[in-house]
Amino acid sequence: MTILCVIGARGGSQGLPGKNIKQLLGKPLIVWTIESALAVPEIDRVVVSTDSKEIANIAIQTGADVPFMRPESLSGSDVGKFDVWKHALNTCEKFYNEKYEIFVDLDCTNPLRDVTDVSNTIKQLRESRERGVDTVFTVCKARKNPYFNLVEADKSGAMRISKSIVPTIIRRQDAPKVYEHVASIYAILPNHLFKRDHLLSGHAEGYDIGTDKSLDIDSEFDFQLVEYLMKKKHGLL
């Protein structure tokens, strides 16, 4: 039983064209995640799932495996992660003729994570699966709270608090704790992955990665923010 890490990277991107191979501090963006995955001691195999030959070549040169090209049916912007994960897991099991203890996905648009964050996510899943946990994924404390300062319009257009409880929350400190889903690290038990169709359809728990490592890239503005934080992290400022 080994741990499989899959890094998904489509060739197309609507928010920031070519973002997965956009140069970040002298490296294509995906390279940061591949190198991080290869440095995680718990991970036995690093695979890139892509529909792009250019991304595949960069992945292989960096040290990852590309045992298959992602089919067109799973390469559109409307395809959910779960279908891509199932395809990658099933294909790798057949290609390498092996079963996996844990399936790990690393989002290549978040290079801010540390190797220890990946190890800790895996450790949390290993230690909690006996009580029924089948998934651990990255979260951070939410910057805004739906019980206090997130609002939405009702049918008349009037703004109302998104989640109301009694008594009404009038201080941020009194609001229930809520977390943001951070697109960075996912550790999943393979049997759960094959049986479910959504991240939260089983017993998923969060690993708090912290707000300073929670940003992922989906626009030019996001890229500029992450580039600044990467420069700061690597002592280039």
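Q: Mind showing me how you'd approach the overall build of the protein here?
A: Along its length, the protein carries six helices and ten strands. Against the 2.2 N^0.38 benchmark of 18 Å for 237 residues, the protein shows a C-alpha radius of gyration of 19 Å, consistent with a compact globule. Dimensions of the protein along its principal axes, counting C-alpha atoms only, are 55 × 45 × 35 Å. Across the 237 residues of the protein, 44% fall into the buried class. Accessible area of the protein: about 12500 Å², with a carbon and sulfur share of 49%. Treating the 31 positive side-chain charges of the protein as one cloud and the 32 negative ones as another, the clouds have centres 4 Å apart.

Q: Would you mind showing me how to read the pairing of strand S10 (residues 204-208) here?
A: Sheet faces and side chains relate simply in a regular strand, where the side chains alternate between the two faces. Every second residue of S10 is oriented toward a common face, the buried set being Glu-205 and Tyr-207 and the non-buried set Ala-204, Gly-206 and Asp-208. Pairing geometry for strand S6 (residues 135-141) and S10, over five bridges, is parallel. Residue pairing across strands places Phe-137 opposite Gly-206, the latter belonging to S10.

Q: How should the pattern of salt bridges be read in this particular structure?
A: Pairing is possible between side chains that carry opposite charge, provided their charged atoms lie close to one another. If you walk through the whole model with that rule in mind, you get 17 salt bridges. Put simply, Lys-22 and Glu-220 hold a salt bridge, and the shortest N to O gap is 3.8 Å. Here Lys-22 is found in the loop between strand S1 (2-8) and strand S2 (23-24), whereas its partner Glu-220 is found in helix H6 (residues 220-233), with 198 residues between them in sequence. Take Lys-22: its relative accessible area is 27%, and that puts it in the partly exposed class. A salt bridge links Glu-101 to Arg-129, with the nearest nitrogen and oxygen atoms 3.0 Å apart. Note that Glu-101 is positioned in strand S5 (residues 100-106) and Arg-129 in the loop between helix H4 (115-128) and S6, a separation of 28 residues in sequence. Through salt bridges with shared partners, a single ionic network connects Asp-114, Asp-117, Lys-213 and Lys-233.

Q: Could you clarify how one ought to interpret the state of the cysteines in this entry?
A: Two cysteines whose sulfur atoms are joined by a covalent bond form what is called a disulfide. Here the structure, examined in full by the defined rule, presents zero disulfides. Free cysteine Cys-92: the closest other cysteine sulfur is in Cys-5, separated by 10 Å. Among the residues examined, Cys-92 registers a relative accessible area of 0% and is labelled buried. Unpaired in this structure, Cys-140 has its nearest cysteine sulfur neighbour in Cys-108, at a distance of 19 Å. Taking the relative accessible area as the measure of exposure, Cys-140 reaches 0% and is therefore buried.

Q: Explain the layout of surface pockets to me, please; I cannot follow it from the model alone.
A: One number sums up the size of the largest pocket: a volume of about 590 Å³. Forming the boundary of the largest pocket are 27 residues, of which Gly-8, Arg-10, Lys-19, Lys-81 and Asp-107 lie nearest the centre. No other element matches the three residues that helix H3 (residues 81-96) contributes to the lining of the largest pocket. Looking at the lining of the largest pocket residue by residue, the class counts come to nine nonpolar, ten polar and eight charged. Put simply, the second largest pocket is a space of about 270 Å³.

About the cut-offs
Think of each chain on its own: its residues are numbered from 1, step by step along the sequence as written. Owing to the predicted nature of the model, reporting of local features is limited to residues with pLDDT of at least 70; listing and counting of side-chain atom pairs is limited to 80 or more, with chain, interface and lining totals taken over all residues. Neither water nor hydrogens contribute to the side-chain values; these are computed over all heavy atoms in the structure. Numbered from the N terminus, helices here are DSSP runs of H or I no shorter than four residues, and strands are runs of E no shorter than two. The reference for a compact globule is 2.2 Å times residues^0.38; the radius of gyration itself is calculated from the C-alpha atoms. Think of it in three bands: with a 1.4 Å probe and only protein chains considered, a residue is buried below 20% of the maximum accessible area for its type, exposed above 50%, and partly exposed in between. A 1.4 Å probe and the Shrake-Rupley method give the accessible areas. Residues count as covered only by the protein chains that appear here. When charges are counted, Lys and Arg contribute as positive and Asp and Glu as negative, whereas His and the chain ends are disregarded. To locate a charge, take atom NZ for lysine, CZ for arginine, CG for aspartate or CD for glutamate. Should DSSP find at least two bridges between two strands, the strands are taken to pair. Here, a salt bridge means any Lys or Arg side-chain nitrogen found within 4 Å of an Asp or Glu carboxyl oxygen. Here, a disulfide means two cysteine sulfur atoms that sit within 2.5 Å of each other. Only protein atoms enter the calculation, which uses a 1 Å grid: trapped sets of points that fit a 1.4 Å probe without letting it out are cavities, open sets showing protein on both sides within 12 Å along at least five of seven lines are pockets, and any residue with an atom within 4 Å of a point is a lining residue. Grid points are joined across faces, edges and corners, and a volume is the space filled by probe spheres set on the points. In this count, Pro and Cys sit with the nonpolar residues alongside Ala, Val, Leu, Ile, Met, Phe, Trp and Tyr, while Asp, Glu, Lys and Arg are called charged and the others, Gly among them, polar.

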